[in-house]
Amino acid sequence: MTESTTLITVSQPRSPVSEAYRTLRTSIQFLGLDRDLKTIMITSASPDEGKSTTLANLAVTFAEAGREVIAVDCDLRRPSLHRLFDVPNDRGLSKAISEDTPLEDVLLATTIQHLRVLPSGLVPPNPSEVLGSQRMNRVIEGLRALADIILFDAPPTIAVTDAAVLGVKVDGVLLVVSAGKTKRDHALKAKDLLEKVNAKVLGVVLNNVKFDGSLYQYYS
């Protein structure tokens with residue numbers, strides 16, 4: 001079994017959780033009616049709150065709706081999208097930035113139609129500087145020409161400055177918090193850090209919510 005099958009939107013597309021991801025997709029589409037929302041960064045307040053899994057499942061729902069999607073692993077400290085989508089990580093974003101490698105040479109196809117991944121590649125010694133560079137700006141502009149929506153996986157906002165650095169370069173930011181785990185003051189601090197750099201916070205995604213079991217019968 002490949003790791004990609006752990007994505008619930010792939011393994012259980014009719015489940016309530018998958019429907020929740022489609023609802024999130026719809027909410028983002030409505031937000032985009034009055035503003036350009038082509039590049040969206042997804043981060044969390046603290047580690048292990050489900051930001052990467054949220055991004056991966058959201059990417060699947062956009063692709064299933066016929067949108068051309070690129071998922072970019074900008075967590076250059078603890079990359080994980082290559083495992084979620086079962087693709088190699090020997091080349092990717094860091095190579096595109098450090099060597100000006102054409103994006104077409106580092107973008108990888110997935111088993112999901114309309115969805116490609118730009119993995120992190122080799123972990124650089126200076127992630128914040130890499131994400132804040134002019135070359136990163138050029139990568140983002142290049143990606144804009146290749147897809148309808150680009151989702152960027154960024155490190156937790158409180159832990160390091162990477163998310164704040166990247167957040168000002170994209171059209172919007174989603175903050176993922178985990179029910180029963182994320183501390184309220186951490187969530188507020190993360191939101192404050194993003195707003196201080198004028199990142200456009202679109203909203204908060206509440207992760208790991210327990211569904212009423214009776215709902216599953218409706219979707220099954």
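On a predicted model such as this, the values are computed, not experimentally measured, just so you know. Chains are numbered independently. Their residues run from 1 in the order of the written sequence. Per-residue local features of the predicted model are confined to residues with pLDDT of at least 70, and side-chain atom pairs are confined, for both listing and counting, to 80 or more; whole-chain, interface and lining totals are unaffected and use all residues. Only hydrogens and water are removed before side-chain values are computed, so all heavy atoms of the structure are retained for them.

Enquirer: For the side chain of lysine 51, give the residues involved together with the corresponding values.
Expert: A run of H or I in DSSP becomes a helix once it reaches four residues, and a run of E becomes a strand once it reaches two; helices and strands are each numbered from the N terminus. Here lysine 51 shows up in helix α3 (residues 51–64). Polar contact criterion, stated in full: a pair of N or O atoms within 3.5 Å, where within protein one must be able to donate a hydrogen and the other to accept it, and residues adjacent in sequence count only if both atoms are side-chain atoms. A distance of 2.8 Å separates polar atoms of two side chains, one belonging to lysine 51 and the other to aspartate 153. A polar contact of 3.2 Å, which involves the side chain of lysine 51, links it to the backbone oxygen of alanine 154.

Enquirer: Summarise the pairing of strand β4 (residues 115–118); cite the residues concerned and give the values.
Expert: Two strands make a pair as long as DSSP finds a minimum of two bridges between them. Relative to β4, strand β2 (residues 69–73) runs parallel, the two sharing four bridges. Bridge assignment links isoleucine 70 to a residue of β4, and that residue is arginine 116. Where strand β3 (residues 108–109) and β4 come together, two bridges link them in antiparallel fashion. Each bridged residue has a counterpart across the sheet, and for leucine 108 the counterpart in β4 is valine 117.

Enquirer: Give me the nonpolar core: which residues, what numbers.
Expert: Residues belong to one nonpolar core when they are buried, are Ala, Val, Leu, Ile, Met, Phe, Trp, Tyr or Cys, and are joined through side-chain atoms within 4.5 Å. Burial classes follow relative accessibility: with a 1.4 Å probe on protein chains only, a residue under 20% of its type's maximum area counts as buried, one over 50% as exposed, and anything between as partly exposed. Core analysis: the biggest nonpolar cluster contains 29 residues, and Ile40, Leu58, Phe85, Leu115 and Leu174 have the highest contact counts within it. Of all the elements, α3 adds the most residues to this core, at seven residues. Residues are treated as being in contact if the distance between any of their heavy atoms lies within 4.5 Å. Excluding residues that lie within four positions of it along the chain, isoleucine 40 makes contacts with Ile28, Ile149, Ile150, Leu151, Phe152, Gly172, Leu174 and Leu202. Of all hydrophobic cores here, the second largest spans 28 residues; its members include Val106, Val130, Ile150 and Val170.

Enquirer: So, the confidence of the model for the protein: which residues are in play, and what are the values?
Expert: pLDDT is a per-residue confidence score from the predictor, ranging from 0 to 100. Taken over all residues, the pLDDT of the protein has a mean of 91, while the share at 70 or more is 93%. When the criterion is pLDDT under 50, residues 1–5 qualifies, and its contacts beyond four places in sequence or with other chains add up to nine contacts.

Enquirer: So what's going on with the pattern of salt bridges? Which residues, and what values?
Expert: Within this document, salt bridges are pairs made up of a side-chain nitrogen of Lys or Arg and a carboxyl oxygen of Asp or Glu, the two lying within 4 Å of each other. On inspection of all chains with the given rule, the structure shows twelve salt bridges. Of the charged contacts, one joins aspartate 36 and arginine 144 as a salt bridge, the two residues approaching to 3.4 Å between their closest N and O atoms. Taken as a pair, aspartate 36 in the loop between α2 (16–31) and β1 (39–44) and arginine 144 in helix α7 (residues 134–144) lie far apart in primary sequence, 108 residues in all. On the accessibility criterion, arginine 144 (17% relative accessible area) is buried. The closest approach of N and O atoms between arginine 77 and aspartate 162, which form a salt bridge, is 2.9 Å.

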